[in-house]
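Here is how the chains run, residue by residue.
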Amino acid sequence: MPNILKNISLKPYNTFGLDTSARLFVEVKSLEELQEVVRSSKFKINDVLVLGGGSNILLTQDMDGLVVKNSIQGKEIVSENKEEIVIKVGAGTNWHEFVMYCVEKGYGGVENLSLIPGTVGAAPMQNIGAYGVEIKDVFVQLEALHRFSNKMEIFDNATCEFGYRESIFKHSHKDKYIIVNVTFRLSKRPKLNLDYGAIRDVLAEKEITEPTIKDVSNAVIEIRQSKLPDPKKIGNSGSFFKNPVISKEALLSIRKDYPEIPTYPIDDNSVKVPAGWLIEQAGWKGKTFGSIGVHKKQALVLVNYGAGKGADIKKLSEDIQASIVEKFGVALQAEVNII
Ligand code: EPU
(Lines give C-alpha, C1' and ligand atoms only; values in the text may rest on other atoms or scores of the structure.)
Protein backbone atom coordinates (compact mmCIF):
# COMPACT_ATOMS: atom_id res chain seq x y z
CA MET A 1 0.00 0.00 0.00
CA PRO A 2 1.53 3.38 -0.97
CA ASN A 3 2.01 5.90 1.83
CA ILE A 4 -0.96 8.15 2.51
CA LEU A 5 0.56 11.52 3.46
CA LYS A 6 -1.04 14.20 5.61
CA ASN A 7 -1.45 17.96 5.03
CA ILE A 8 0.30 18.25 1.68
CA SER A 9 0.45 21.47 -0.35
CA LEU A 10 -1.12 20.99 -3.79
CA LYS A 11 0.90 23.85 -5.28
CA PRO A 12 3.22 21.56 -7.29
CA TYR A 13 0.23 19.52 -8.48
CA ASN A 14 -1.86 22.20 -10.22
CA THR A 15 -0.71 24.35 -13.14
CA PHE A 16 -2.48 27.43 -11.73
CA GLY A 17 0.14 27.12 -8.96
CA LEU A 18 -2.51 27.60 -6.26
CA ASP A 19 -1.32 26.90 -2.76
CA THR A 20 -4.21 24.92 -1.32
CA SER A 21 -3.68 21.81 0.76
CA ALA A 22 -4.94 18.26 0.90
CA ARG A 23 -5.65 16.71 4.30
CA LEU A 24 -4.71 13.32 2.80
CA PHE A 25 -2.60 12.72 -0.30
CA VAL A 26 -1.40 9.59 -2.05
CA GLU A 27 0.51 9.03 -5.28
CA VAL A 28 -0.11 5.77 -7.16
CA LYS A 29 2.36 4.37 -9.69
CA SER A 30 0.64 1.17 -10.79
CA LEU A 31 -2.82 -0.35 -11.14
CA GLU A 32 -2.06 -2.59 -8.16
CA GLU A 33 -1.26 0.43 -5.97
CA LEU A 34 -4.40 2.20 -7.17
CA GLN A 35 -6.55 -0.84 -6.35
CA GLU A 36 -5.02 -1.06 -2.87
CA VAL A 37 -5.90 2.59 -2.28
CA VAL A 38 -9.46 2.13 -3.60
CA ARG A 39 -9.88 -0.83 -1.23
CA SER A 40 -8.72 1.21 1.80
CA SER A 41 -11.10 2.73 4.34
CA LYS A 42 -9.54 6.18 3.80
CA PHE A 43 -10.71 6.05 0.18
CA LYS A 44 -14.16 4.84 1.15
CA ILE A 45 -14.95 7.35 3.89
CA ASN A 46 -13.41 10.51 2.41
CA ASP A 47 -14.25 12.81 -0.47
CA VAL A 48 -11.78 11.88 -3.20
CA LEU A 49 -10.18 14.06 -5.86
CA VAL A 50 -8.15 12.31 -8.56
CA LEU A 51 -5.43 14.42 -10.12
CA GLY A 52 -3.59 13.88 -13.38
CA GLY A 53 -1.38 16.76 -14.37
CA GLY A 54 -3.63 19.26 -12.55
CA SER A 55 -3.77 21.33 -15.71
CA ASN A 56 -7.53 21.73 -15.99
CA ILE A 57 -8.61 22.51 -12.45
CA LEU A 58 -9.13 25.59 -10.35
CA LEU A 59 -8.70 24.79 -6.65
CA THR A 60 -10.77 27.29 -4.69
CA GLN A 61 -10.43 25.66 -1.27
CA ASP A 62 -8.38 23.25 0.84
CA MET A 63 -9.32 19.61 0.27
CA ASP A 64 -10.63 18.07 3.43
CA GLY A 65 -10.57 14.59 1.85
CA LEU A 66 -8.10 12.43 -0.06
CA VAL A 67 -6.24 13.51 -3.19
CA VAL A 68 -5.04 10.65 -5.39
CA LYS A 69 -2.28 11.62 -7.81
CA ASN A 70 -2.38 9.23 -10.75
CA SER A 71 1.23 8.57 -11.83
CA ILE A 72 0.70 5.21 -13.57
CA GLN A 73 3.32 5.04 -16.34
CA GLY A 74 4.05 2.52 -19.11
CA LYS A 75 3.85 2.18 -22.86
CA GLU A 76 2.94 -1.04 -24.65
CA ILE A 77 2.66 -1.74 -28.37
CA VAL A 78 -0.61 -3.58 -28.84
CA SER A 79 -0.29 -4.20 -32.60
CA GLU A 80 1.66 -2.86 -35.53
CA ASN A 81 1.78 -3.16 -39.33
CA LYS A 82 3.18 -1.10 -42.20
CA GLU A 83 0.37 1.41 -42.01
CA GLU A 84 -0.25 1.97 -38.33
CA ILE A 85 0.61 1.23 -34.75
CA VAL A 86 -1.67 0.77 -31.78
CA ILE A 87 -0.15 1.81 -28.44
CA LYS A 88 -1.47 1.53 -24.88
CA VAL A 89 -0.16 4.26 -22.58
CA GLY A 90 -0.30 4.62 -18.78
CA ALA A 91 -2.65 7.38 -17.60
CA GLY A 92 0.02 9.17 -15.56
CA THR A 93 2.34 9.64 -18.55
CA ASN A 94 2.97 13.29 -19.37
CA TRP A 95 0.92 14.10 -22.50
CA HIS A 96 3.60 16.13 -24.27
CA GLU A 97 6.26 13.48 -23.61
CA PHE A 98 3.98 10.94 -25.29
CA VAL A 99 3.48 13.31 -28.25
CA MET A 100 7.26 13.79 -28.53
CA TYR A 101 7.78 10.00 -28.50
CA CYS A 102 5.27 9.67 -31.40
CA VAL A 103 6.85 12.54 -33.35
CA GLU A 104 10.38 11.11 -32.95
CA LYS A 105 9.21 7.64 -34.05
CA GLY A 106 7.25 9.07 -37.00
CA TYR A 107 3.84 7.99 -35.70
CA GLY A 108 1.37 10.58 -36.92
CA GLY A 109 -1.90 11.79 -35.43
CA VAL A 110 -1.06 13.70 -32.26
CA GLU A 111 1.50 16.23 -33.58
CA ASN A 112 -1.12 19.04 -33.60
CA LEU A 113 -1.64 18.33 -29.90
CA SER A 114 1.98 19.15 -29.00
CA LEU A 115 2.74 21.04 -25.79
CA ILE A 116 -0.68 20.59 -24.21
CA PRO A 117 -0.09 20.38 -20.45
CA GLY A 118 -1.48 17.45 -18.49
CA THR A 119 -1.43 13.68 -18.57
CA VAL A 120 -2.52 10.97 -21.01
CA GLY A 121 -5.27 9.84 -18.62
CA ALA A 122 -6.78 13.31 -18.30
CA ALA A 123 -6.80 13.88 -22.07
CA PRO A 124 -9.95 11.88 -22.90
CA MET A 125 -11.90 13.32 -19.94
CA GLN A 126 -12.35 16.55 -21.87
CA ASN A 127 -11.43 15.30 -25.35
CA ILE A 128 -8.45 17.68 -25.57
CA GLY A 129 -8.11 19.46 -28.87
CA ALA A 130 -6.03 22.04 -30.68
CA TYR A 131 -5.28 23.20 -34.23
CA GLY A 132 -7.96 21.09 -35.90
CA VAL A 133 -7.34 17.78 -34.08
CA GLU A 134 -9.04 16.19 -31.08
CA ILE A 135 -7.95 13.17 -29.10
CA LYS A 136 -11.05 11.29 -30.27
CA ASP A 137 -9.49 11.22 -33.78
CA VAL A 138 -6.73 8.83 -32.61
CA PHE A 139 -8.50 7.19 -29.68
CA VAL A 140 -9.17 3.44 -29.65
CA GLN A 141 -10.21 2.74 -26.05
CA LEU A 142 -9.41 3.34 -22.44
CA GLU A 143 -9.42 1.18 -19.35
CA ALA A 144 -10.80 2.72 -16.18
CA LEU A 145 -11.19 1.49 -12.64
CA HIS A 146 -14.67 1.80 -11.23
CA ARG A 147 -14.31 3.63 -7.93
CA PHE A 148 -16.90 1.58 -6.08
CA SER A 149 -16.55 -1.94 -7.50
CA ASN A 150 -12.71 -1.61 -7.89
CA LYS A 151 -13.05 -3.43 -11.24
CA MET A 152 -11.60 -2.42 -14.61
CA GLU A 153 -13.95 -1.48 -17.44
CA ILE A 154 -13.28 -0.70 -21.09
CA PHE A 155 -14.67 2.35 -22.89
CA ASP A 156 -14.39 2.73 -26.66
CA ASN A 157 -14.84 5.84 -28.79
CA ALA A 158 -18.64 5.55 -28.80
CA THR A 159 -19.08 4.83 -25.09
CA CYS A 160 -16.86 7.78 -24.16
CA GLU A 161 -19.47 10.06 -25.81
CA PHE A 162 -16.86 12.56 -26.95
CA GLY A 163 -17.90 16.08 -27.88
CA TYR A 164 -16.20 19.48 -27.97
CA ARG A 165 -14.17 19.39 -24.72
CA GLU A 166 -16.66 16.81 -23.49
CA SER A 167 -16.92 13.14 -22.57
CA ILE A 168 -19.14 10.93 -20.46
CA PHE A 169 -16.57 11.34 -17.64
CA LYS A 170 -17.66 14.97 -17.22
CA HIS A 171 -21.33 14.02 -17.06
CA SER A 172 -23.10 10.78 -16.05
CA HIS A 173 -19.77 9.06 -15.18
CA LYS A 174 -18.28 12.04 -13.34
CA ASP A 175 -16.30 10.96 -10.25
CA LYS A 176 -17.14 7.30 -10.86
CA TYR A 177 -14.04 6.06 -12.70
CA ILE A 178 -10.28 6.47 -12.59
CA ILE A 179 -8.64 6.19 -16.00
CA VAL A 180 -5.74 3.73 -15.89
CA ASN A 181 -4.54 3.59 -19.50
CA VAL A 182 -5.47 4.88 -22.94
CA THR A 183 -4.95 3.14 -26.31
CA PHE A 184 -4.24 5.17 -29.46
CA ARG A 185 -4.11 4.31 -33.17
CA LEU A 186 -1.34 6.26 -34.93
CA SER A 187 -0.42 6.32 -38.57
CA LYS A 188 2.95 5.53 -40.13
CA ARG A 189 1.76 7.30 -43.29
CA PRO A 190 0.20 10.30 -41.66
CA LYS A 191 -2.16 12.70 -43.34
CA LEU A 192 -1.14 16.07 -42.02
CA ASN A 193 -3.77 18.42 -40.69
CA LEU A 194 -2.62 21.90 -41.69
CA ASP A 195 -5.98 23.57 -42.08
CA TYR A 196 -5.70 25.68 -38.98
CA GLY A 197 -4.47 28.91 -40.57
CA ALA A 198 -1.54 29.73 -38.36
CA ILE A 199 0.17 26.37 -39.02
CA ARG A 200 0.45 27.06 -42.75
CA ASP A 201 1.72 30.57 -42.02
CA VAL A 202 4.51 29.29 -39.76
CA LEU A 203 5.52 26.60 -42.28
CA ALA A 204 5.50 29.17 -45.12
CA GLU A 205 7.65 31.55 -43.07
CA LYS A 206 10.20 28.75 -42.69
CA GLU A 207 9.85 27.91 -46.41
CA ILE A 208 8.85 24.34 -45.59
CA THR A 209 6.87 23.06 -48.55
CA GLU A 210 6.77 19.35 -47.72
CA PRO A 211 6.31 19.26 -43.96
CA THR A 212 6.95 16.22 -41.79
CA ILE A 213 5.06 15.56 -38.57
CA LYS A 214 8.08 16.99 -36.75
CA ASP A 215 7.70 20.26 -38.72
CA VAL A 216 4.02 20.42 -37.81
CA SER A 217 4.78 19.70 -34.15
CA ASN A 218 7.44 22.44 -34.15
CA ALA A 219 5.00 24.89 -35.76
CA VAL A 220 2.33 24.12 -33.14
CA ILE A 221 4.88 24.53 -30.34
CA GLU A 222 5.92 27.90 -31.78
CA ILE A 223 2.32 29.12 -32.06
CA ARG A 224 1.42 27.96 -28.54
CA GLN A 225 4.56 29.52 -27.05
CA SER A 226 3.79 32.83 -28.73
CA LYS A 227 0.24 33.04 -27.31
CA LEU A 228 -0.11 30.85 -24.26
CA PRO A 229 1.70 31.39 -20.96
CA ASP A 230 4.10 28.65 -19.82
CA PRO A 231 2.53 27.26 -16.62
CA LYS A 232 6.03 26.81 -15.16
CA LYS A 233 6.43 30.61 -15.29
CA ILE A 234 2.86 31.96 -15.00
CA GLY A 235 0.15 29.84 -13.39
CA ASN A 236 -2.75 29.06 -15.73
CA SER A 237 -5.04 26.31 -16.96
CA GLY A 238 -5.13 27.05 -20.68
CA SER A 239 -8.50 28.17 -22.01
CA PHE A 240 -10.66 28.97 -19.00
CA PHE A 241 -13.91 29.00 -21.00
CA LYS A 242 -15.27 26.97 -23.89
CA ASN A 243 -15.93 28.71 -27.16
CA PRO A 244 -19.72 29.26 -27.11
CA VAL A 245 -22.11 28.09 -29.79
CA ILE A 246 -24.70 30.76 -30.63
CA SER A 247 -27.66 30.94 -32.99
CA LYS A 248 -27.33 32.62 -36.40
CA GLU A 249 -29.89 35.13 -35.18
CA ALA A 250 -27.71 36.06 -32.20
CA LEU A 251 -24.73 36.32 -34.57
CA LEU A 252 -26.59 38.72 -36.87
CA SER A 253 -27.41 40.94 -33.94
CA ILE A 254 -23.75 41.02 -32.75
CA ARG A 255 -22.59 41.62 -36.34
CA LYS A 256 -24.52 44.88 -36.52
CA ASP A 257 -22.00 46.44 -34.14
CA TYR A 258 -19.08 44.07 -34.71
CA PRO A 259 -19.00 43.02 -38.37
CA GLU A 260 -15.53 41.51 -37.89
CA ILE A 261 -16.50 38.85 -35.30
CA PRO A 262 -14.74 35.56 -36.23
CA THR A 263 -16.92 32.43 -36.51
CA TYR A 264 -16.53 28.68 -36.98
CA PRO A 265 -19.36 26.87 -38.77
CA ILE A 266 -21.44 24.36 -36.76
CA ASP A 267 -24.71 23.80 -38.68
CA ASP A 268 -27.41 25.72 -40.55
CA ASN A 269 -28.71 27.37 -37.41
CA SER A 270 -25.65 27.92 -35.25
CA VAL A 271 -22.01 29.00 -35.21
CA LYS A 272 -19.20 28.80 -32.69
CA VAL A 273 -17.54 32.09 -31.77
CA PRO A 274 -14.19 32.53 -30.03
CA ALA A 275 -14.66 33.37 -26.36
CA GLY A 276 -11.20 35.00 -26.42
CA TRP A 277 -12.45 37.51 -28.97
CA LEU A 278 -15.59 38.34 -26.95
CA ILE A 279 -13.53 38.79 -23.77
CA GLU A 280 -11.03 41.02 -25.55
CA GLN A 281 -13.83 43.19 -27.00
CA ALA A 282 -15.27 43.56 -23.51
CA GLY A 283 -11.96 45.10 -22.45
CA TRP A 284 -10.58 42.35 -20.20
CA LYS A 285 -7.47 41.34 -22.13
CA GLY A 286 -4.26 41.99 -20.16
CA LYS A 287 -6.13 43.33 -17.12
CA THR A 288 -4.42 42.57 -13.80
CA PHE A 289 -6.08 42.46 -10.39
CA GLY A 290 -3.47 42.03 -7.67
CA SER A 291 -1.82 38.67 -8.33
CA ILE A 292 -4.31 37.44 -10.92
CA GLY A 293 -5.49 38.56 -14.31
CA VAL A 294 -6.40 37.94 -17.92
CA HIS A 295 -3.44 36.92 -20.09
CA LYS A 296 -1.97 39.70 -22.23
CA LYS A 297 -1.78 37.66 -25.44
CA GLN A 298 -4.87 35.42 -25.21
CA ALA A 299 -7.94 36.69 -23.36
CA LEU A 300 -9.31 33.16 -22.93
CA VAL A 301 -6.59 32.35 -20.42
CA LEU A 302 -6.82 33.48 -16.79
CA VAL A 303 -3.49 33.68 -14.97
CA ASN A 304 -2.03 33.56 -11.47
CA TYR A 305 1.11 35.69 -11.29
CA GLY A 306 2.13 34.10 -7.98
CA ALA A 307 0.17 34.69 -4.82
CA GLY A 308 -3.29 34.47 -6.40
CA LYS A 309 -6.18 32.64 -4.75
CA GLY A 310 -8.51 30.22 -6.51
CA ALA A 311 -11.61 31.91 -5.11
CA ASP A 312 -10.47 35.25 -6.61
CA ILE A 313 -9.90 33.64 -10.00
CA LYS A 314 -13.38 32.12 -9.78
CA LYS A 315 -14.83 35.55 -8.95
CA LEU A 316 -12.94 37.09 -11.89
CA SER A 317 -14.32 34.39 -14.19
CA GLU A 318 -17.85 35.18 -12.98
CA ASP A 319 -17.33 38.91 -13.55
CA ILE A 320 -16.17 38.13 -17.09
CA GLN A 321 -19.19 35.88 -17.69
CA ALA A 322 -21.56 38.63 -16.47
CA SER A 323 -19.96 41.25 -18.67
CA ILE A 324 -20.17 39.01 -21.77
CA VAL A 325 -23.86 38.37 -21.11
CA GLU A 326 -24.41 42.09 -20.72
CA LYS A 327 -22.45 43.13 -23.80
CA PHE A 328 -23.22 40.31 -26.22
CA GLY A 329 -26.05 38.31 -24.65
CA VAL A 330 -23.79 35.25 -24.74
CA ALA A 331 -23.29 32.84 -21.82
CA LEU A 332 -19.74 31.55 -21.41
CA GLN A 333 -19.27 28.17 -19.84
CA ALA A 334 -16.12 27.35 -17.86
CA GLU A 335 -13.94 24.69 -19.46
CA VAL A 336 -11.83 24.29 -16.34
CA ASN A 337 -13.13 22.17 -13.45
CA ILE A 338 -13.79 24.42 -10.48
CA ILE A 339 -13.28 22.53 -7.22
N1 EPU B 1 -8.95 36.03 -30.33
C2 EPU B 1 -9.01 37.38 -30.03
N3 EPU B 1 -8.52 37.79 -28.83
C4 EPU B 1 -7.96 36.95 -27.94
C5 EPU B 1 -7.89 35.56 -28.25
C6 EPU B 1 -8.41 35.13 -29.45
O7 EPU B 1 -9.53 38.18 -30.80
O8 EPU B 1 -7.51 37.40 -26.89
C9 EPU B 1 -9.44 35.58 -31.65
C10 EPU B 1 -8.28 35.18 -32.55
O11 EPU B 1 -7.78 36.28 -33.25
C12 EPU B 1 -8.91 34.19 -33.48
C13 EPU B 1 -9.92 33.48 -32.59
O14 EPU B 1 -10.16 34.38 -31.50
O15 EPU B 1 -9.60 34.82 -34.51
C16 EPU B 1 -9.45 32.14 -32.10
O17 EPU B 1 -8.27 32.27 -31.30
P18 EPU B 1 -7.21 31.09 -31.15
O19 EPU B 1 -6.80 30.58 -32.47
O20 EPU B 1 -6.15 31.57 -30.21
O21 EPU B 1 -8.02 29.89 -30.51
P22 EPU B 1 -9.16 29.83 -29.42
O23 EPU B 1 -10.46 29.54 -30.09
O24 EPU B 1 -9.10 31.02 -28.53
C25 EPU B 1 -9.03 27.24 -29.10
C26 EPU B 1 -8.87 26.28 -27.96
C27 EPU B 1 -7.40 26.21 -27.51
C28 EPU B 1 -6.57 25.76 -28.69
C29 EPU B 1 -6.78 26.75 -29.85
C30 EPU B 1 -6.11 26.27 -31.11
C31 EPU B 1 -10.97 26.25 -26.79
C32 EPU B 1 -11.71 26.62 -25.56
N33 EPU B 1 -9.72 26.65 -26.85
O34 EPU B 1 -8.72 28.53 -28.59
O35 EPU B 1 -7.31 25.21 -26.51
O36 EPU B 1 -5.19 25.70 -28.36
O37 EPU B 1 -8.19 26.87 -30.16
O38 EPU B 1 -6.77 25.15 -31.62
O39 EPU B 1 -11.53 25.58 -27.65
C40 EPU B 1 -7.31 24.79 -24.17
O41 EPU B 1 -8.32 24.11 -24.35
O42 EPU B 1 -6.81 24.93 -23.02
C43 EPU B 1 -6.70 25.49 -25.30
C44 EPU B 1 -5.65 26.29 -25.14
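Residues numbered from 1 in each chain as written. Predicted model: local features only at pLDDT ≥ 70, side-chain atom pairs only at ≥ 80, totals over all residues. Heavy atoms only, no water.

Caption draft 1: Inspection of the packing of aromatic side chains at higher detail. Tallied over the full model, the rule gives 16 aromatic pairs. A centroid spacing of 5.3 Å and a plane angle of 55° characterise the contact between tyrosine 258 and phenylalanine 328, whose relative ring orientation is tilted. One end of the pair, tyrosine 258, is in the loop between helix H6 (248–257) and strand E15 (264–265); the other, phenylalanine 328, is in helix H8 (residues 310–328), and 70 residues separate them in sequence. Taking 6.1 Å as the distance between ring centres and 55° as the angle between the ring planes, the aromatic pair formed by tryptophan 284 and phenylalanine 289 counts as tilted. On the basis of relative accessibility, which here comes to 14%, the residue tryptophan 284 falls in the buried class. We classify phenylalanine 289 as partly exposed; its relative accessible area is 36%. Across the ring face of tyrosine 101, the terminal group of lysine 75 is positioned such that the distance to the ring centre comes to 4.1 Å. For lysine 272, the ring lying beneath its charged end belongs to tyrosine 164, and the centroid distance is 3.3 Å. (Phe/Tyr/Trp six-rings, centres within 6.5 Å; stacked < 30°, edge-to-face > 60°. Helix = DSSP H or I, 4+ residues; strand = E, 2+ residues; numbered from the N terminus. Buried < 20%, exposed > 50% of the residue type's maximum accessible area, 1.4 Å probe, protein only. Lys NZ or Arg CZ within 6 Å of the ring centre and 35° of its normal.)

Caption draft 2: Up close: the site of the ligand. Around the ligand lies a shell of 23 residues, among which Tyr131, Tyr164, Tyr196, Glu280 and Ala299 are the nearest. Here an oxygen atom of the ligand and a backbone polar atom of tyrosine 131 are 2.6 Å apart. Separating an oxygen atom of the ligand from a side-chain N or O atom of tyrosine 164 is a distance of 2.7 Å. For the ligand, whose free accessible area comes to 830 Å², the fraction covered by protein is 81%. Among the secondary structure elements, those contributing two or more residues to the shell around the ligand are helix H5 (213–227), strand E13 (235–239) and helix H7 (275–281). Sorting elements by how many residues they give to the shell around the ligand places H7 first, with three residues. (Near = heavy atom within 4 Å. Polar contact = N/O pair within 3.5 Å; in protein donor to acceptor, adjacent residues only side chain to side chain. Areas by Shrake-Rupley, 256 points an atom, 1.4 Å probe, with all protein chains shown as cover.)

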